[in-house]
Structure formats: C-alpha cells, structure tokens
Amino acid sequence: MEHFRVIVRVALDTPLNQLFDYRWKHLDPLPQPGQLALVPFGKREIIGLIVAVLDHSELPDEKLKDALDVRAGLPPLREEWMALCRFAAEYYQRPLGEVAIPALPKNLRTAKTTSLERALKKIELLEPSTPGADVVRPTLNDAQHSAVDAISEARGFLPFLLHGVTGSGKTEVYLHAAESLLSRHGAQAQILMLVPEINLTPQLEGQVRSRFPEAAVATLHSGLAEGERLRHWLAAHAGRAAIVLGTRLAVMASMPHLKLIIVDEEHDPSYKQQEGLRYSARDLAVWRAHQLQIPVVLGSATPSLETWHAAQAGRYRKIELLERASRNAELPLVKLVDTGREKAIGGFTPALIAALRTRLERKEQSLLYLNRRGYAPVIACDACGWVSHCRRCTAFMVLHKPERRLRCHHCGLEHFIPKSCPTCGNVDVQPMGRGTQRIEEQLQDLFPEARLARIDADSTRRKGSAQTAFDSVHRGEVDILIGTQMVAKGHDFRNLTLVGVLNPDNALFSHDYRAGERLFAQLLQVSGRAGRSGERRGEVLIQTRYPQHPLYAALIAHDYRRYADSLIAERQQASLPPFMHQALLRAEAPQLETALAFLGMAAKAVSVDSIAGIVVNDPIPMTMTRVANTERAQMLIESVSRPALQFFLKAWLPGVRNIKTRARWSLEVDPLEI
Ligand code: ADP
Ligand code: ZN
Ligand code: ZN
C-alpha cells in the first residue's frame, strides 16, 4: 500500500542557493509553512524555516532524511513576513535561508524546545502597566499638528518624508501619530519605530516607554542579551507589543498587526548593514509598508539624497517642520572661523578659545566636535621621513597616548610607541595632527578648572559607559564635552550653547562622492545640539581653511534644501545615485592578482543577452587596498534602470558562483561606499 507522506521543504542558513526537503514522520498535527523545523544537515542539527509542506519530493526516497522536530509551540511566521524575506533575498541576491534564519533571535535557532515554551509563557504573563501619570505632553504646535493629522489620516501605502529642522519636535510627531493609530485600531495595531543606534539615543527609549504602557513596548537591538532578545521578539511576534523600537535589524521583526513604520534619522548610514546580507533597513521599511499598504514616515533634518529626490519628484509626501518647537529656541548662529587668517594654536583659534571662556564664565556647556579618535592619526620622524604605517594595512597606526599604544583602526594591530625612530634612531619622533585625546589634553592646559568629558569609541568601550558619560553631561557635571560623531545625534542637551567644530575640511576633498552629503548632515546635526532650550541662542563655530565652500554657506543659512538641490544636480550631471543604480562585486585574497583575476573572470561570465543597459566597469583595487594582510579589489556594475540591474544580476550570479577561485567575494546591491 502506498502510504501517505509528509515532506517539509525548508530554507536553511547556508550559502547554497536552494531549498531542502525532509521527511516528517507524523501526520498529526501536520506541520505548516512558517514553522521552524530541526533538521540534520551534514554532521549538525540546525533550524530551518518551513516554506512548504508537500506530499512528495523530487529527491529519491533513499536521499531523504527525517526532520527531527517541528517547533509546534511557536505560532507560525506569517506569509507577510516570509514575503519580506523572499524579497530581501531576491533583491540582495542571497539564498532565502541566509536572510530568514539570521533574522530570528538566536535562542530560537539554537535553544531547546523547553526554553522556547518558557519564554512564550513569560509573554503571556506580561501585564500591561499604565503609563506614568506625570508624563509631560507638550501641546503640539501647528506644524506638528498638521504632520500628525496627515500621518494618522493616511490610508493605504503612503510614504512621508518628515523634514524637520533640529529641535523641531519630530519625536512628538512620532509619538502622537502612534497614539492616534493605536487608539483607532485598539489591540489590532502595532507600530515599528526604527532608530539608528539605540544606545546613543536612550532619551527616545525613555520617552516612548513613559508614553506607552511598559509591557506594550518591545525593543530589538544587538545590545540585548539573547534571552531578552527572544522575549522581546516573541512579544512582537505574538502581537502583544504595540510598539517595537529597534535598530536596523528590527525591520525584519515579525509583527502580525503592523500598521505604521517610522524611520527616525532616515539618512543615517547605520541603517545599512555593512556585512553579510548588506541590506538597507530604510529601503526594506518602505517595501514592507508598500506590501502591507500602510504609511511609513522617514524623518530627518538632513534627508538622504535618495529620499529627498523621491519627495521632490512627488513619490513621497513631504511634511516640513521649519521651526524649533521649544518656545523662543531659534536655530543656532553658525559662524566660520577662517584658519587661513586666524591662526590656530594647538588646534584652537583665538575666537574659539574666547567663546569657550565665555561659556565657562556663564556656566553653560560647550561641545567640541572632531571626528577623529585617538591622540594623533600618525607619528613621524622629522630626520628620515619614517611614518607609523600599519604593516598589515594601507593605513597609519594611530597614536593612543593614554593607553601608550599605536593602534591600527582597521585591523586592530597594536604595539608600543617606539622611543626612537625605527629606521634612523632619531629620538625626536613626533605626533602629527590631532584626535580627540589630544584635544582633551590641550583643553585641560588651556582651562585647568574646566570639567571635561570625552566621548568616543575608546572612552566608551565598557558596556554602559557611554550612557554614564551622557548622563553626567545631562546632569550638568561637565563643562566641555569633546566627542566624535557619537555625540552628534539625537541628544537634547538643555544647557549647551556652544558647538565648536575642529578640522572638518578633509571630507570636502574625499574621493567618496557621498562625503559631502555626510559631512553636511553631521555638521547640521552637531550644530543642532546648541541652544535647544531657548534660554540663550546657540552658537556654532566652524574652523575651516575653506570658508567659501558652498557646503559651509548652506550650513550658515541652515539651508538644507539649497545644498541638497545642488548636490542632486551634481549627481545627475555625473550619473551617480539616485540617478544610477549600482551593485559592487568585491573580492579579497592574500595576493591582489588573485582578487583582480577573479573579478576579470566574473566580467567574462556576463552573458550577452542580459547586458542591455548595463555598464560593467573595470576591476580596480579598492582605495584602501590592504586590510589585515588581505588585498581587496572591486568591480562596479551600473544601470540607470533598477529592473535591468536586477535582471542582469540574476542572470549573472550563477556563472560567478561557478568560478573556481581562492578569492573570497561578495556582492553588494546599492552600496553606500564605492
Ligand atoms: P528633533 O527630533 O526634531 O530634533 P525633538 O523631538 O528632540 O526634536 O524636540 C526638541 C525639543 O522640543 C524637546 O525638548 C521637546 O521636548 C521639545 N518639544 C517638542 N514639541 C514641543 C512643543 N509642541 N512645545 C514645546 N516643546 C516641544
Ligand atoms: Zn627616522
Ligand atoms: Zn592594520
């Protein structure tokens, strides 16, 4: 008798671009698509996502193995979520399993069934608490009001660009729109709120938590312990969490009642994953909203050019908040200090020193922004010209004085600071240029009485130390804060009235065509930290050798629009994104020739009938060719048509995968840096 069979077809986290069939012995209950199955794979047992349940397999019977377990305790992942994974897999040219499985919390992929059931019980037990009674709810101003109305009245798919100057109260708009949606839909609504880096914006998490019942807020980011991550993920998956607040990985959260997506600081590069599946959480957010026919809000004071262009072209609806929300809080006065005329001593011009002194006298806070950590970017010998190269990278070893080390920021190599020049023996080896540590040292000499704090990746290595440092700034225990881009984002410092920007010029002449856009965003953001309370107007001093540069002119005028429009025109002229769609094939190997040879073969794997409208550029070494003794090269593929590029990649990659090479390679769609 032919007996009934159950085959589960699963996606597994492997580089193999295929699905895998297994036998399932039991009939009752039948497994369902969206459930997780434990299956044997090689010598291991791993978790797969069931994408189909079939009654036969194309594989011969003797090749089929048995699935070991189906995680029946977990409500199946829904078709909507699977569709998101399928789209991401296709768009970024990855196997489905490599997208779907890593999007699940680790404990779901590894833990025993019992701990899953325990975690599921825990969410059932969560009792919604009431929000704090003393929560301050500012009355919305007119601009905020109409923004909230527009968002809450939206039906179906509607992408918004919420363009609001720094301090214009975008957060209030998000919170009110969320409240309005939740009250409209009741228990049947969930809202996804994405932020670039949760650890740098703890204020936002606090605000969200105090506005919404504690149990209704789930957070998802890489800083959570695995157990916590599972609990929060399950709360979202079970529809219990009304608000999911998270970093880019949260865009893949399973949320059965998703009704609104908010992407705060949508221009932020950290929305782009830089390894593995190199996805853009912002772009996936827009796709997901479209698929679900719900609104999505992209908020920023300095939107990405992609988003700005879409808004200008009418594809996104633009909402503007042109003024600061706090009463009387004007935008800061931005001034350029021409270092060609006013000589800087030890990095500080007299104008900046005077401005700092005034703040100290008035007991107001200042912020010094320098996007370079360490003491000095390089040390050098005057006598013979020796400089501290990293022997493993095309980069310098950076001097870290407090740690008494030279450190390579690219490969992590460290060694002692040489007492004399390694080539000529000269004892006078000097630091060149300055980073945050040196600025801190010089400030202490200039203002011995001032209380300083430095916030950068080095000073905040220990978990929680960034938070502690920010807290002490907020409590007023710091007079001058020195920091890298870590301090530029989101913080609402109430007593900070001066921002000094040191040495931002490098980015003006970068080979990276996005450097200008990024610098403008960073400077506007960091300027936006000044004068937020409205008691005194903030002042921003930018020390530059190029005071005539249009970027600075736009900054003084707080004119994002003018600068963005000029960049857009440049990009159109130069056929760069958003007028061009790109994919980057990267290869790395111990020898540069290996990497370049692979790219050369890949270029030949192009089939003629898929190439219409596609430009395959020559393979070239990357600007920073060597990192950690690995040589790196790349080849850029371009098209003015996104569908043509997608069509090409799909036809091309199977051939690339077949190339025999010792190079490691990866493909990135929509690369941020080329
Ligand atoms: P953004 O994110 O746009 O830079 P925030 O949301 O941080 O701005 O708001 C800036 C400040 O303005 C915050 O201190 C916030 O509490 C305050 N604020 C927001 N809306 C209002 C309002 N309608 N009236 C008064 N203050 C407000
Ligand atoms: Zn020397
Ligand atoms: Zn190195």
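Provided above is the structure to which this section pertains.
Since the model is a prediction, treat every value here as computed from it, not as a measurement.

1. Here we look at the sheet that holds strand 5 (residues 65–66)
Read from one edge to the other, the open sheet built from six strands follows the order 5-2-1-4-3-6, with strand pairing classed as mixed. Of all the strands in the sheet, just strand 5 and strand 6 (69–70) have a single pairing partner and so form its edges.

2. Notes on the site of ligand 1
Within the structure, ligand 1 sits among 18 residues, and Thr-139, Gln-144, Gly-167, Thr-171 and Asp-492 are positioned closest to it. In the model, an oxygen atom of ligand 1 is placed 3.1 Å from a nitrogen or oxygen of the Gly-169 main chain. Between an oxygen atom of ligand 1 and a side-chain N or O atom of Thr-171, the distance comes to 2.8 Å. Counting residues per element, the shell around ligand 1 draws most heavily on helix 6 (residues 170–185), which supplies three residues. Residue classes in the shell around ligand 1 are distributed as four nonpolar, nine polar and five charged. Looking at the shell around ligand 1, you find at least three residues from each of domain 2 (125–321) and domain 3 (333–375 + 434–570).

3. So, the coordination of the zinc ion (ligand 2)
Ligation of the zinc ion (ligand 2) by protein atoms is provided by Cys-381 (SG), Cys-384 (SG), Cys-421 (SG) and Cys-424 (SG), these donors lying 2.2 to 2.4 Å from the ion. Geometry at the zinc ion (ligand 2) is tetrahedral, judged from its four donor atoms and the angles of 103 to 114° they form at the metal. When the donor residues of the zinc ion (ligand 2) are listed from N- to C-terminus, their spacing reads C-x2-C-x36-C-x2-C. Judged by its relative accessible area of 3%, Cys-381 is buried.

4. Looking at the packing of helix 14 (residues 515–527) against helix 16 (residues 560–573)
With their axes 11 Å apart at the nearest point, helix 14 and helix 16 run at an angle of 170° to one another. Looking at the two axes, helix 14 sits roughly antiparallel to helix 16. Residues Gly-516, Glu-517 and Phe-520 of helix 14 form the contact with helix 16, whose own contacting residues are Tyr-560, Tyr-563, Leu-567 and Arg-571. In terms of residue class, the contact of helix 14 with helix 16 is made up of four nonpolar, one polar and two charged.

5. Some details on the coordination of the zinc ion (ligand 3)
For a metal bound by four donors in tetrahedral geometry, the ideal donor-metal-donor angle is 109.5 degrees, whereas six donors in octahedral geometry ideally sit at 90 or 180 degrees. Ligation of the zinc ion (ligand 3) by protein atoms is provided by Cys-390 (SG), Cys-393 (SG), Cys-408 (SG) and Cys-411 (SG), these donors lying 2.2 to 2.3 Å from the ion. Because the angles between the four donor atoms bound to the zinc ion (ligand 3) fall within 106 to 114°, the donor set is best described as tetrahedral. Sequence spacing of the donor residues for the zinc ion (ligand 3), all on one chain, is C-x2-C-x14-C-x2-C. Highlighted residues: Cys-390 in the loop between strand 16 (378–381) and strand 17 (398–400) and Cys-411 in the loop between strand 18 (405–407) and strand 19 (414–415), separated in sequence by 21 residues.

6. A few points about the pattern of salt bridges
Tallied over the full model, the rule gives 47 salt bridges. Each of Arg-373, Glu-403, Arg-405, Arg-407, Glu-414, Asp-458 and Arg-461 takes part in one network of salt bridges that share partners.

7. Thoughts on the environment of Lys-419
Relative to the elements of secondary structure, Lys-419 occurs in the loop between strand 19 and strand 20 (429–432). Taking the C-alpha atoms as reference points, Lys-419 and Val-429, separated by 10 residues in sequence, lie 7.7 Å from one another.

8. Points about unusual backbone geometry
Excluding glycine, residues mostly carry a negative phi; peptide bonds, for their part, are mostly trans. In this structure, the amide linkage connecting Pro-577 to the following residue, Pro-578, adopts the cis form with an omega of 5°. Locating Pro-578 in the fold gives a position in the loop between helix 16 and strand 25 (581–589). Non-glycine residue Gln-93 carries a positive phi angle of around 60°. Structurally, Gln-93 is set in the loop between helix 1 (79–91) and helix 2 (96–100). Given the relative accessible area of 10%, Gln-93 is considered buried. Not every positive phi belongs to a glycine, and Arg-404 is a case in point at roughly 50°. In this fold, Arg-404 is placed in the loop between strand 17 and strand 18. Overall, the relative accessible area of 63% leaves Arg-404 in the exposed class.

Rules used in this analysis
Residues numbered from 1 in each chain as written. Chains lettered and ligands numbered in written order. Predicted model: local features only at pLDDT ≥ 70, side-chain atom pairs only at ≥ 80, totals over all residues. Heavy atoms only, no water. Pairing = 2+ DSSP bridges. Helix = DSSP H or I, 4+ residues; strand = E, 2+ residues; numbered from the N terminus. Near = heavy atom within 4 Å. Polar contact = N/O pair within 3.5 Å; in protein donor to acceptor, adjacent residues only side chain to side chain. Nonpolar A, V, L, I, M, F, W, Y, C, P; charged D, E, K, R; others polar. Domains from an automatic or database assignment. Donors = N, O, S within 2.8 Å, 3.2 Å for Na, K, Ca; no water. Tetrahedral: all angles 85-135°; square planar, octahedral: opposite > 155°, others 65-115°. Buried < 20%, exposed > 50% of the residue type's maximum accessible area, 1.4 Å probe, protein only. Axes fitted to C-alpha atoms, helices over the stretch in contact; angles between N-to-C directions. Parallel < 35°, antiparallel > 145°, perpendicular 65-115°, else oblique. Contact = heavy atoms within 4.5 Å. Salt bridge = Lys/Arg side-chain N within 4 Å of Asp/Glu carboxyl O.

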